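Descriptive analysis of the structure
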Amino acid sequence: MSSAPPAATPGYLAAVRHWIDRNILALGREMRLSYLPPLMVYVAAGISGLTGIVGVFFVKERLGLSAEFLAALGFWAGLPWALKVPLGHLVDLIWRWKAALVFVGAALIAASLVIMIGLLGHTESMRAMWSVETWFVLAALLAPIGYVVQDVVADAMTVEAVPRFDADGRPIGMAERKSMNTTVQTLGRVAIIGGSVLVSLANVYLLRGAGALPEAERTLAYLRVYELALVIPFVSVVGVVLGVCLKWRDARRLVARGFAKSEVRRMLNPHGERPPVNWWILWGGLAFAVVSLGVGVGQVAGGQEIVFGVSMAIVLFLIWRLTGELEADARHVLVGTAMVVFVFRAMPGPGAGSTWWMIDQLGFDQQFLATLSLIGSVLTLAGLFIFRRFMAERSIAYIVGFLTIVSTLLGLPIIGMYYGLHEWTAARTGGLVDARMIALIDTALESPLGQIAMVPMLAWIANSAPDRLKATFFAIMASFTNLALAAAQLGTKYLNQIFTVAREVKDATGAIKSPSDYSELGMLLVVTTVLSFVLPMLAILFVKSSRFRSA
């Protein structure tokens, strides 16, 4: 007697189709042409990672910079993001002409790439002017300034991309605009991660077999990557030009509908009247830039700590001034959200030494690291769709708690490999589960979590910040959360001072100047993992037990 097939199967397939339609296909249906200009600027930010792997090997093979120095350089390179505050206010003040700032950012990014092309293709000519290390530091500092300028404008463009009136001039309801704001912010993360997917594919192709190439040919492979990266500033500029064209198209269409030109300008400008000049923000930003430059150039003892303290004081003061524009309940939500996200992003990492150890001890070459990057980027992109409803329906405190627990668990295999986990698993699986397999699995599981925490906060700002101060609010919160990354770099530097990790350094003749030393890396990995679990959880408990709340 034959049994009937399970009746639940059709229902299961229908549930899967419904989930895919609700979380993935729906986002595609909600895409509008007006979203494309800011998304192109975000794509440019995503493909900025094209040179990341080449940069790691360039530093390791050509420069004698320590892990501590690189962590310090990471601090200075991240500092321009604190300037989003005055830049955001500047965008609010020159709203009609904000696109010009994208061209400025593109020029700075191009200059950084040209320096690296010169270092790889014309090394002796560059060395005749400055040392290779000096040129590298200059390139490392120019690029983030360019990206922060473009990012400020892109944030403002996301507000402009959400229409307040339809093609016939009818007002669009607040509920629909709120949904569109969430969609734009999600698509913005998709654009950034999509850009990283493209560059990961390019790296896998361009760096294939690079580890086995002679030095001259390997240098040419690195050079091709940097030359290809010149597409980055081009993409962002095209996005701005497209935005101007779309605005002209919409204006002509509304005029054809019979609206007066003054009415059309009001309908297409979400910014309203220009806000009054906030000299606290502009002069504070200028003072911050001057102090930072002076401390950095003057190599003042404790300069990073001084600049971080000053910048944090300035940003907190500006947050206090700006939150006066909000109702008390919204102010408590904003502060609580910012605190949780700050602590989560401020956790220190092991620094460059971890990657050096993987290259030297585990045998991870350029192509394998590019493959890891590709897997991570693809799965991060998938994670934005998979966790879309999760992000929309849960508080940031819940999301950060979830991410903290999962990230801690996923950090354990790397610690395990330092103490020989991959040797134990390889011996018991016939070599199948070796270091590379563990790294692939760990990357696959961890990758979707990276971008989740930021989307709800960005959507909340787009929905709740005053219309005439959207760019300023985006900038102030971005500055605050990016200062968390500066704090993470400081923490990384301190930990690298306590736990010394050194790679092998050779001179021009190939003789070893200093040997590698990874003996303290294991404890460094353990400490960073413990801190990254305990501190975010304490921040969540504080917010939950106080008057503050999270979005």
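Here the residue index of a chain counts from 1 through its sequence in written order. Totals for whole chains, interfaces and linings use every residue, but because this is a predicted model, local features are given only for residues with pLDDT of at least 70 and side-chain atom pairs only at 80 or more, for both listing and counting. Only hydrogens and water are set aside when side-chain values are computed; all heavy atoms of the structure are taken into account.

Next up on the list: the overall build of the chain. What the chain contains, in helices and strands, is 24 helices and two strands. Exposed residues in this analysis have more than 50% of their type's maximum accessible area, buried residues have under 20%, and partly exposed residues fall in between, with area computed by a 1.4 Å probe over protein chains only. In the chain, which comprises 551 residues, the share counted as buried stands at 49%. Contacts are assigned to residue pairs with any non-hydrogen atoms lying within 4.5 Å of each other. A fraction of 83% describes how many contacts in the chain between residues 6 or more apart in sequence connect residues 24 or more apart. Reported accessibility uses the Shrake-Rupley method at a 1.4 Å probe radius. Residues are deemed covered only where the shown protein chains occlude them. Counting only carbon and sulfur atoms, one obtains 66% of the accessible surface of the chain, whose full area is about 25,300 Å². Here a strand is any run of E in DSSP of at least two residues, a helix any run of H or I of at least four, and the numbering for each starts at the N terminus.

Moving on to a nonpolar patch on the surface. Together, Ile405, Leu409, Leu412, Val530, Leu531, Phe533, Val534, Leu535, Leu538 and Leu541 make up a nonpolar patch on the protein surface, roughly 840 Å² of accessible area in all. When contributions to the nonpolar patch are tallied by element, the ones reaching two or more residues are helix H19 (396-418) and helix H24 (521-545). Among the elements that line the nonpolar patch, the one with the most residues is H24, at seven residues. A relative accessible area of 34% means that Leu535 is categorised as partly exposed. Note on patches: the residues involved have over 30% relative accessible area and no salt bridge, like charges join within 9 Å, and the nonpolar side chains Val, Leu, Ile, Met, Phe, Trp and Tyr join within 5 Å. A side-chain nitrogen of Lys or Arg and a carboxyl oxygen of Asp or Glu constitute a salt bridge if their distance falls within 4 Å.

pLDDT runs from 0 to 100 and stands for how confident the predictor is about each residue. Across the chain, the average pLDDT comes to 80, with 87% of residues at 70 or higher. When mean pLDDT is compared element by element in the chain, helix H6 (residues 99-121) scores highest at 92, while helix H22 (residues 454-464) scores lowest at 63.

As used in this record, nonpolar core signifies buried Ala, Val, Leu, Ile, Met, Phe, Trp, Tyr and Cys residues forming a set joined through side-chain atoms within 4.5 Å. In this structure, Phe58, Leu119, Phe136, Trp357 and Phe364 are the most contacted members of the largest nonpolar core, which totals 65 residues. Apart from residues lying up to four places away in sequence, Leu119 is in contact with Phe58, Met126, Val132, Trp135 and Phe136. Of all hydrophobic cores here, the second largest spans 29 residues; its members include Leu39, Tyr42, Val91 and Ile192.

Moving on: the side chain of Ser112. Note that Ser112 resides in helix H6. You can call Ser112 buried: its relative accessible area is 6%. Excluding anything up to four places from it in sequence, Ser112 contacts Ala139, Leu142 and Ala143.

Below, the discussion takes up the pattern of salt bridges. Applying the stated rule across the entire model yields seven salt bridges. In this structure, Lys98 and Glu160 form a salt bridge, with 3.1 Å as the shortest nitrogen-oxygen distance. Here Lys98, found in the loop between helix H5 (84-93) and H6, pairs with Glu160, found in helix H8 (residues 132-161); they are 62 residues apart in sequence, far enough to count as distant. You can call Lys98 buried: its relative accessible area is 7%. Between Glu160 and Lys247 there is a salt bridge; the shortest N-O distance is 3.2 Å. Here Lys247 lies in helix H11 (residues 231-256) and Glu160 lies in helix H8, a separation of 87 residues in the sequence. Using a relative accessible area of 22% as the deciding quantity, one classes Glu160 as partly exposed. In this structure Lys247 comes out as partly exposed when scored by relative accessible area, which is 34%. What you see here is one network of salt bridges that share partners, running through Lys98, Glu160 and Lys247.

As a further point, take the environment of Leu108. Relative to the helices and strands, Leu108 is located in helix H6. Accessibility expressed as a relative area gives 23% for Leu108, which makes it partly exposed. Taking C-alpha positions, Leu108 is 6.2 Å from Ala143, a pair spaced 35 residues apart along the chain. Those residues in contact with Leu108 that sit more than four places away from it in its chain are Leu142, Ile145 and Gly146.

By this rule, a helix spans an expected 1.5 Å times one less than how many residues it contains. The end-to-end C-alpha separation of helix H4 (residues 67-78) is 16 Å, in line with the 16 Å expected for 12 residues at 1.5 Å each. Inspection of H4 places Ala67, Leu70, Ala71, Ala72, Leu73, Phe75 and Ala77 among the buried residues, and these make up the whole buried set.

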